[in-house]
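# Examining the three-dimensional arrangement
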Amino acid sequence: MRRMGPVFWPILLIAVGVIFLLSNLGLLPFDAWQLWRLWPLIIVVIGLDVLLESLWRRGRPGGESLSIDRDSLSEAEVIVEFGAGELRVGAGAPAGKLLEGEFSDGAEYQLRQGQVRLYGSRDWNWWSWWGSRGRQWDVRLTPDIPLRLRFQLGACQSTLDLGDLRVTDLALESGAADTRVRFPRAASMT
């Protein structure tokens, strides 16, 4: 978890493995297997880690912010890859911005030739959902230019309010999700 750092658990596992290996080889003056009686300590350490992460997140209401300039784009493709958590997408990026938003666990992006790919940070751990509200993204897009939108969603709750956007193409791939979509006002069936 972020509180203890992304390398804490791997280093702990390596250290425990080395202790047991040295004990099995007879290089320690004690039997490391006697330490196994302290196994409840593992649960205590994991619990403390989850608690500290939860308290740390509570102090960060909006998480990290991200803003991408529109530059001279006359149209754009936005790809949103989102796994578990809560996703909100709508209009509202300020003038001159293609996209802006707040991301509880951070977000990364790739921008090339009018295409933005937005995806989750790689340092999110598998137990981060425990004791927390989970990953939350609030993404605002520009209503000023035509957009091709691609959503690749996992097990999440998402609200896609596209009513005030100029959407020319929409693709939605979803897993076990609760997805609510408000289509653009100017949408037509063709």
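As a reminder, the structure under discussion sits directly above these lines.
Here goes a summary of the coordinates provided. Position numbers for residues count from 1 along each chain, tracking the sequence in the order it is written. Under the rules for a predicted model, residues below a pLDDT of 70 receive no local features and side-chain atom pairs below 80 are neither given nor counted, while totals for whole chains, interfaces and linings still include all residues. Side-chain metrics in this entry use all non-hydrogen atoms of the structure; hydrogen atoms and water are not considered.

## Focus: the overall build of the chain
Elements are defined by DSSP. Helices are runs of H or I of four residues or more, strands are runs of E of two residues or more, and each kind is numbered from the N terminus. Across its full length, the chain holds two helices and eleven strands. The N-to-C order of helical and strand elements in the chain reads α-α-β-β-β-β-β-β-β-β-β-β-β. Counting only residues that meet the buried cut, the chain has 35% of its 190 residues in that class. Between two residues, a contact is recorded if the distance between any of their heavy atoms is within 4.5 Å. Within the chain, contacts between residues at least 6 apart in sequence are counted, and of these 62% link residues at least 24 apart. Residue burial is assigned from relative accessible area. The probe radius is 1.4 Å, only protein chains are included, and a residue is buried under 20% of its type maximum, exposed over 50%, and partly exposed in between.

## Side note on the sheet that holds strand β5 (residues 107–112)
A pair of strands is considered paired only if DSSP assigns at least 2 bridges between the two. Read from one edge to the other, the open sheet built from five strands follows the order β5-β6-β2-β8-β10, with strand pairing classed as mixed. Every other strand in the sheet has two partners, leaving β5 and β10 (167–174) as the edge strands with one partner each. Taken pair by pair, the neighbouring strands of this sheet meet at an average axis angle of 10°, ignoring direction. Axis geometry follows a simple rule: fit a line to the C-alpha atoms, using only the stretch in contact for helices, then measure angles between N-to-C directions, giving values from 0 to 180 degrees.

## Here's the deal with the sheet that holds strand β9 (residues 156–161)
The strand order β1-β4-β7-β3-β9-β11 describes an open sheet built from six strands, whose pairing is mixed. Of all strands in the sheet, those with a lone pairing partner are β1 (64–69) and β11 (178–182), marking the two edges. Across the sheet, the axes of successive neighbouring strands diverge by a mean angle of 10°, strand direction being ignored. The pairing of β1 with strand β4 (residues 97–103) spans six bridges and is classified as antiparallel. If you follow Ser67 over to β4, its bridge partner there is Glu100.

## Quick look at the pairing of strand β6 (residues 115–120)
Taken across its six residues, β6 has six buried, putting it largely inside the fold. Burial of the side chains of β6 extends over both faces: Gln115, Arg117 and Tyr119 are buried on one face and Val116, Leu118 and Gly120 on the other. Relative to β6, strand β2 (residues 76–82) is paired through four bridges, and the arrangement is parallel. Bridge pairing in β6 places Val78 opposite Val116. Pairing geometry for β5 and β6, over six bridges, is antiparallel.

## Describing the packing of aromatic side chains
Any pair of Phe, Tyr and Trp rings, taking the six-membered ring for Trp, is counted once the centres come within 6.5 Å. Such a pair is stacked with planes under 30 degrees apart, edge-to-face with planes over 60 apart, and tilted for the rest. Going through the model one piece at a time under the given rule, you end up with two aromatic pairs. Note on Phe103 and Trp137: the rings are 5.1 Å apart at their centroids and 80° apart in plane angle, and the pair reads as edge-to-face. Pair noted here: Phe103 is in strand β4 and Trp137 is in strand β7 (residues 136–141), with a separation of 34 residues, a long-range link. Each member of the pair, Phe103 as well as Trp137, carries the same accessibility label: buried. Of the aromatic side chains, those joined through ring pairs into one cluster are Phe82, Phe103 and Trp137. The criterion for a charge sitting over a ring is simple: Lys NZ or Arg CZ within 6 Å of the ring centre, and within 35 degrees of the ring normal. The ring of Tyr119 has Arg117 sitting right over it, with the charged end atom 4.1 Å from the ring centre.

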